Amino acid sequence: MSSPGDGWPASNRLDPMSEIEAAHRYDAVVVGCGGWGLAALKVLRDIGLDVLGLERGEICHNLSTYMPAMTVHSPLPYIVLDPEDSLLAEKGNHYHSTIEELIQSYLDFAARNELPIKTHSELSDIAGTRNDFDLTVSETEGPTQYRARLVVLATGSYDTPNVLGIPGEQDPAIQHFFGEWRHIRDQRLLFIGGGF
């Protein structure tokens with residue numbers, strides 16, 4: 001099997017394990033494993049897709065940059081991924097969790113649902129078109145390539161979407177914040193993240 005790195009400098013070539021990963025095509029790769037990325041991973045896997053989550057740091061990397069004892073503005077129904085969440089469900093719908101509680105809730109959700117996530121894996125390039133994407137990912141061991149039919153970008157923090165420089169993400173049809181809903185009622189849409 002020829003390496004995707006043939007013709008590249010030796011330092012950029014993929015190792016044999018990476019070649020195996022590159023040969024496998026996922027139905028969907030979710031980039032960003034905060035709350036919304038975790039939710040997308042679970043929903044996509046539950047409908048039978050072969051999925052992989054990629055997170056540049058640990059799970060909930062962006063949330064971990066806040067002070068752990070900081071209170072989350074949103075009440076629980078807007079942020080809890082599992083209504084059976086034993087850590088937060090007993091607190092009541094009007095409870096405002098701390099960042100630390102929310103992160104633990106998301107970690108428990110990922111573990112309980114055995115979500116396939118690679119941490120310390122940062123997307124550095126994406127090429128291709130629908131049903132045939134190639135993702136180049138910087139990992140601890142070096143660059144790795146993944147193939148996917150669909151890519152879901154669930155990146156960003158509360159007020160600041162992380163744009164990746166990928167064609168189309170600044171298209172006028174793409175909304176990074178959700179404010180009003182009546183003008184989109186009864187339309188087929190995909191929501192990734194909560195925002196406003």
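Conventions adopted
- Residues numbered from 1 in each chain as written.
- Predicted model: local features only at pLDDT ≥ 70, side-chain atom pairs only at ≥ 80, totals over all residues.
- Heavy atoms only, no water.
- Helix = DSSP H or I, 4+ residues; strand = E, 2+ residues; numbered from the N terminus.
- Buried < 20%, exposed > 50% of the residue type's maximum accessible area, 1.4 Å probe, protein only.
- Contact = heavy atoms within 4.5 Å.
- Areas by Shrake-Rupley, 256 points an atom, 1.4 Å probe, with all protein chains shown as cover.
- Expected span 1.5 Å × (residues − 1).
- Pairing = 2+ DSSP bridges.
- Salt bridge = Lys/Arg side-chain N within 4 Å of Asp/Glu carboxyl O.
- Patch = residues over 30% accessible without salt bridge, like charges linked within 9 Å, V, L, I, M, F, W, Y side chains within 5 Å.
- Phe/Tyr/Trp six-rings, centres within 6.5 Å; stacked < 30°, edge-to-face > 60°.
- Polar contact = N/O pair within 3.5 Å; in protein donor to acceptor, adjacent residues only side chain to side chain.

## Thoughts on the overall build of the chain
Here comes step 1: Check the secondary structure of the chain and you find four helices and six strands.
Here comes step 2: Per-residue burial for the chain yields a buried fraction of 34% across its 196 residues.
Here comes step 3: A sequence separation of at least 24 residues applies to 52% of the contacts in the chain between residues at least 6 apart.
Here comes step 4: Carbon and sulfur atoms form 53% of the exposed surface of the chain, whose accessible area is close to 12,000 Å².

## Focus on helix α2 (residues 35–46)
Here comes step 1: Its twelve residues give α2 an end-to-end C-alpha distance of 17 Å, which sits within 8% of 16 Å, the value for a rise of 1.5 Å per residue.
Here comes step 2: All of the buried residues in α2 are G35, G37, L38, A40, L41 and L44.
Here comes step 3: Along its buried surface, α2 packs onto β1 (25–31), β2 (51–54), α4 (99–112), β3 (117–118) and β6 (142–153).
Here comes step 4: Among the residues trailing α2, G48 stands out with phi positive, at a value near 100°.

## Some details on the sheet that holds strand β4 (residues 121–129)
Here comes step 1: The sheet built from six strands is open, its strands ordered β3-β2-β1-β6-β5-β4 with mixed pairing. Looking at the sheet topology across the chains shown, the edges are occupied by β3 and β4.
Here comes step 2: Summarising the sheet, β1 and β6 pair through six bridges and their orientation is parallel. For Y26, the partnering residue across the bridge sits in β6 and is A148.

## With respect to the pattern of salt bridges
In a structure, side chains of opposite charge can pair up when their charged atoms sit close to one another.
Here comes step 1: Evaluation of the coordinates by the stated rule reveals nine salt bridges.
Here comes step 2: In this structure, the salt-bridge partner of D82 is R112, at a minimum N-O distance of 3.2 Å. Within this pair, whereas D82 is found in the loop between α3 (76–79) and α4, its partner R112 is found in helix α4, the two being separated by 30 residues in sequence.
Here comes step 3: Judged by its relative accessible area of 42%, R112 falls in the partly exposed class.

## Some details on a nonpolar patch on the surface
Here comes step 1: Where nonpolar side chains cluster on the molecular surface, the patch consists of Y66, M67 and M70 and spans about 280 Å² of accessible area.
Here comes step 2: Here M70 is to be found in the loop between β2 and α3.
Here comes step 3: M70 sits in the partly exposed class, given a relative accessible area of 31%.

## Looking at the packing of aromatic side chains
Here comes step 1: Going through the model one piece at a time under the given rule, you end up with one aromatic pair.
Here comes step 2: Seen in terms of ring centroids, Y26 and Y146 are 6.4 Å apart; in terms of plane orientation they differ by 55°. Their pairing is tilted. Here Y26, found in strand β1, pairs with Y146, found in strand β6; they are 120 residues apart in sequence, far enough to count as distant. For the pair Y26 and Y146, one class covers both residues: buried.

## Quick look at the pairing of β6
Here comes step 1: With seven bridges connecting them, strand β5 (residues 132–139) and β6 associate as antiparallel partners. Residue pairing for β6: T136 is matched across the bridge by Q145.
Here comes step 2: Hairpin connection from β5 to β6: two residues lie between these consecutive antiparallel strands.

## Description of the environment of G142
Here comes step 1: Considering the arrangement of structural elements, one finds G142 in strand β6.
Here comes step 2: When the C-alpha positions of G142 and S121 are compared, they lie 9.7 Å apart, and in sequence the two are 21 residues distant.

## Topic: the side chain of S121
Here comes step 1: Tracing the chain through its elements places S121 in strand β4.
Here comes step 2: Among the polar contacts listed, one links the side chain of S121 to the backbone oxygen of T119, at a separation of 3.2 Å.
Here comes step 3: Within the structure, S121 has its side chain in polar contact with the side chain of E139 (distance 3.1 Å).
Here comes step 4: If we ignore the near neighbours within four places in the chain, the residues touching S121 are L54, E55, R56, V137, S138 and E139.

Functional significance is not addressed by these values, which are geometric in nature.
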